[in-house]
Amino acid sequence: MESNNIQNDLQHIRQMMERSSRFISLSGLSGVFAGITALVGAFLVHQVFQSEGVSYFDNSGRVYEFHFVRKLFLIGLGILVIALFFGYFFTARKSKQQNQKIWDATTKRLLINFAIPLVTGGLFCIGLAYQHYFAMIAPATLIFYGLALVNAERYTLTDVKYLGISEIVLGLLSLFFLGYGLLFWAIGFGVLHIVYGLVMYKKYDSK
């Protein structure tokens, strides 16, 4: 009996230490809905390119008109806002269920480590667009997003690292197939997020 009590106490201490050093309230459902949103966005982007009669990321150095670029920007912004909303909603709900604060020192460190590669990648992609290297944008977004996930893993669930590595590998692979940027983008931000989200939901949320 005493041995069981000691083991339970040690387990409780380990859980407290993990909660103080890692943000463990990430919800698998947020990944699923982010992936679905990305797939919808990829379809809309494809429709826009089809309506303009151009091939998505065809590695041609063409200059697009302002109204065309604005459509793509608005779609991208809409995808980001919706994905962030679902991410916050499901994470906040899980934090409440676990009686944890969603904002603390650990969350701050997580966001900083996630944001540094992500913002760097965003600025890099803006530079690519400015120089009309449109074919490189899809690989760059996947690679920098993967680096952001790997960099943030130390402050959250270890499984995030594997999603990040998958995004990096997919981004590097897409460099050799520049004409298929939208397909790789849909796989990386859509399919991988859905698979990751379902795995995380089964592993952590459905208990």
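Note that the structure is a prediction, hence the values are computed from the model and not measured. (Residues numbered from 1 in each chain as written. Predicted model: local features only at pLDDT ≥ 70, side-chain atom pairs only at ≥ 80, totals over all residues. Heavy atoms only, no water.)

Enquirer: Before we go on, may I ask you to explain the overall build of the protein chain in this structure?
Expert: Each helix and strand in the protein chain was counted, giving 7 helices and 0 strands. Each helix (α) and strand (β) of the protein chain, taken in turn from the N terminus, gives the series α-α-α-α-α-α-α. Here the protein chain holds 207 residues, and the buried ones make up 37% of them. Here the contacts in the protein chain between residues at least 6 apart in sequence split such that 75% fall between residues at least 24 apart. As displayed, the protein chain offers around 12500 Å² of accessible surface, 68% of which is attributable to carbon and sulfur atoms. (Helix = DSSP H or I, 4+ residues; strand = E, 2+ residues; numbered from the N terminus. Buried < 20%, exposed > 50% of the residue type's maximum accessible area, 1.4 Å probe, protein only. Contact = heavy atoms within 4.5 Å. Areas by Shrake-Rupley, 256 points an atom, 1.4 Å probe, with all protein chains shown as cover.)

Enquirer: Would you explain the pattern of salt bridges in this entry?
Expert: Summed over all chains, the structure comprises 1 salt bridge. Notably, a salt bridge pairs Lys 203 with Asp 159, separated by 2.9 Å at the nearest N-O pair. A residue pair is termed long-range when its members are at least 10 positions apart, and Lys 203 in helix H7 (residues 181-205) and Asp 159 in helix H6 (residues 159-174) qualify at 44 residues. Relative accessible area serves as the criterion here: at 12%, Asp 159 is assigned to the buried category. (Salt bridge = Lys/Arg side-chain N within 4 Å of Asp/Glu carboxyl O.)

Enquirer: I keep staring at the nonpolar core and nothing clicks. Help me out?
Expert: Most often, soluble globular proteins have nonpolar side chains that are buried together. Core analysis: the biggest nonpolar cluster contains 23 residues, and Trp 185 and Phe 189 have the highest contact counts within it. Where this core is concerned, the elements lending two or more residues are helix H2 (28-52), helix H3 (66-97), helix H5 (137-152), H6 and H7. Counting 5 residues, the second-largest nonpolar core is a separate cluster that includes Cys 125, Phe 134, Ile 137 and Ala 140. (Core = buried A, V, L, I, M, F, W, Y, C linked by side-chain atoms within 4.5 Å.)

Enquirer: In this structure, what is going on with the environment of Ala 138? I would like to understand it.
Expert: Tracing the backbone through its elements, the reader meets Ala 138 in helix H5. Ala 138 gets classed as buried once you look at its relative accessible area, which sits at 1%. Taking the C-alpha atoms as reference points, Ala 138 and Ala 186, separated by 48 residues in sequence, lie 9.7 Å from one another.

Enquirer: Honestly, helix H4 (residues 105-130) in this entry has me stumped. Any pointers?
Expert: Because each turn of an α-helix spans 3.6 residues, side chains separated by three or four positions in sequence point in the same direction. Given a rise of 1.5 Å per residue, 26 residues ought to cover 38 Å, and the 37 Å separating the end C-alpha atoms of H4 matches this to within 8%. At Ala 115, H4 is bent by approximately 30 degrees, the largest bend along its length, and proline Pro 117 sits one to four residues beyond. Those residues of H4 that sit buried are Thr 106, Thr 107, Leu 110, Asn 113, Pro 117, Gly 121, Cys 125 and Leu 128. Directly after H4, the chain includes His 132, whose backbone phi takes a positive value near 65 degrees. (Expected span 1.5 Å × (residues − 1). Bend = angle between axes of the 7 residues up to and from the residue.)

Enquirer: Explain the packing of aromatic side chains to me, please; I cannot follow it from the model alone.
Expert: One pair of aromatic rings is described through two measures. These are the centre distance and the angle between the planes. Tallied over the full model, the rule gives 8 aromatic pairs. Centre to centre, the rings of Phe 85 and Phe 89 are 6.2 Å apart; their planes meet at 20 degrees, and the pair counts as stacked. Taken as a pair, Phe 85 and Phe 89 lie in helix H3 at a separation of 4 residues, close to a single helical turn. Members of the aromatic cluster, each reached through a chain of ring pairs, are Phe 33, Phe 85, Phe 86 and Phe 89. (Phe/Tyr/Trp six-rings, centres within 6.5 Å; stacked < 30°, edge-to-face > 60°.)

Such coordinate-based values are descriptive only and should not be taken to indicate function.
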